[in-house]
Amino acid sequence: QVQLVESGGGLVQAGGSLRLSCSASGRTFSIYGIGWFRQAPGKEREFVAAISWSGGRTYYADSVKGRFTISRDNAKNTVYLQMNSLKPEDTAVYYCAARLGSPLVTLNYNYWGQGTQVTVSS
């Protein structure tokens with residue numbers, strides 16, 4: 001069992017930055033692939049970024065490529081999502097998720113956090 005808690009969301013102006021954190025407790029964190037997803041009001045949850053258990057492989061949605069960076073510190077049981085050049089369309093609740101093995105760009109994850117709100121004003 002893995003428990004995930006997101007933090008770092010908030011209100012920021014367009015062009016600004018935020019860093020989200022996903023802290024994990026429970027079973028060995030380092031063996032899990034981690035993904036970040038987001039869900040805007042009235043829209044489906046969508047993939048944002050993912051990272052392999054070692055941090056050696058990362059994946060990004062086209063909409064955030066070049067602006068967002070995913071990283072992890074297994075010693076701290078934490079995955080980060082650095083978000084730069086934020087746009088109003090990035091406004092959503094951001095969720096992290098964990099699954100054994102390789103990360104996926106789909107919703108097929110075993111564990112989910114409760115989400116953190118990111119609001120980007122124009």
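No experiment lies behind these values; they were computed from the predicted model shown.

Here the focus is the overall build of the protein chain. A count of helices and strands for the protein chain gives zero helices and eleven strands. The C-alpha radius of gyration of the protein chain comes to 13 Å, within 12% of the 14 Å expected for a compact globule of 122 residues. For the C-alpha atoms alone, the extent of the protein chain along its principal axes is close to 40 × 25 × 25 Å. Counting every position in the protein chain, which comprises 122 residues, the buried fraction comes to 43%. A separation of at least 24 residues holds for 58% of the contacts in the protein chain among residues at least 6 apart in sequence. Of the accessible surface of the protein chain, which amounts to about 6,000 Å², a share of 48% is contributed by carbon and sulfur atoms. With 12 positive and 7 negative side-chain charges, the protein chain shows a separation of 7 Å between the mean positions of the two kinds.

Right, let's get into the packing of aromatic side chains. In total, this model carries five aromatic pairs according to the counting rule given. When the centroid spacing of 5.1 Å and the interplanar angle of 55° are considered together, the rings of Phe-37 and Trp-112 count as tilted. Placement of the pair is Phe-37 in strand E4 (residues 32–39) and Trp-112 in strand E10 (residues 111–112), with a sequence separation of 75 residues. Judged by relative accessible area, which is 28%, Trp-112 ranks as partly exposed. Ring geometry for Tyr-109 and Trp-112: centres 6.1 Å apart, planes at 65°, overall edge-to-face. Positioned above the aromatic ring of Tyr-95, the side-chain terminus of Arg-45 is 3.7 Å from the ring centre. Above the face of the Trp-112 ring, Arg-45 is positioned so that its terminal group lies 5.0 Å from the ring centre.

Turning our eyes to something else, we now look at unusual backbone geometry. Most peptide bonds are trans, and most residues other than glycine sit at a negative phi. We note that Asn-77 has phi near 55°; this positive angle belongs to a residue other than glycine. Mapping Asn-77 onto the fold places it in the loop between strand E7 (68–73) and strand E8 (78–83). Accessibility expressed as a relative area gives 25% for Asn-77, which makes it partly exposed. Positioned with a positive phi, Ser-85 is a non-glycine residue whose angle comes to about 50°. Its place among the elements puts Ser-85 in the loop between E8 and strand E9 (92–100). Taking the relative accessible area as the measure of exposure, Ser-85 reaches 40% and is therefore partly exposed.

The rules we used
- Residues numbered from 1 in each chain as written.
- Predicted model: local features only at pLDDT ≥ 70, side-chain atom pairs only at ≥ 80, totals over all residues.
- Heavy atoms only, no water.
- Helix = DSSP H or I, 4+ residues; strand = E, 2+ residues; numbered from the N terminus.
- Rg over C-alpha atoms; globule rule 2.2 N^0.38 Å.
- Buried < 20%, exposed > 50% of the residue type's maximum accessible area, 1.4 Å probe, protein only.
- Contact = heavy atoms within 4.5 Å.
- Areas by Shrake-Rupley, 256 points an atom, 1.4 Å probe, with all protein chains shown as cover.
- Lys, Arg positive; Asp, Glu negative; His and termini not counted.
- Charge placed at Lys NZ, Arg CZ, Asp CG, Glu CD.
- Phe/Tyr/Trp six-rings, centres within 6.5 Å; stacked < 30°, edge-to-face > 60°.
- Lys NZ or Arg CZ within 6 Å of the ring centre and 35° of its normal.

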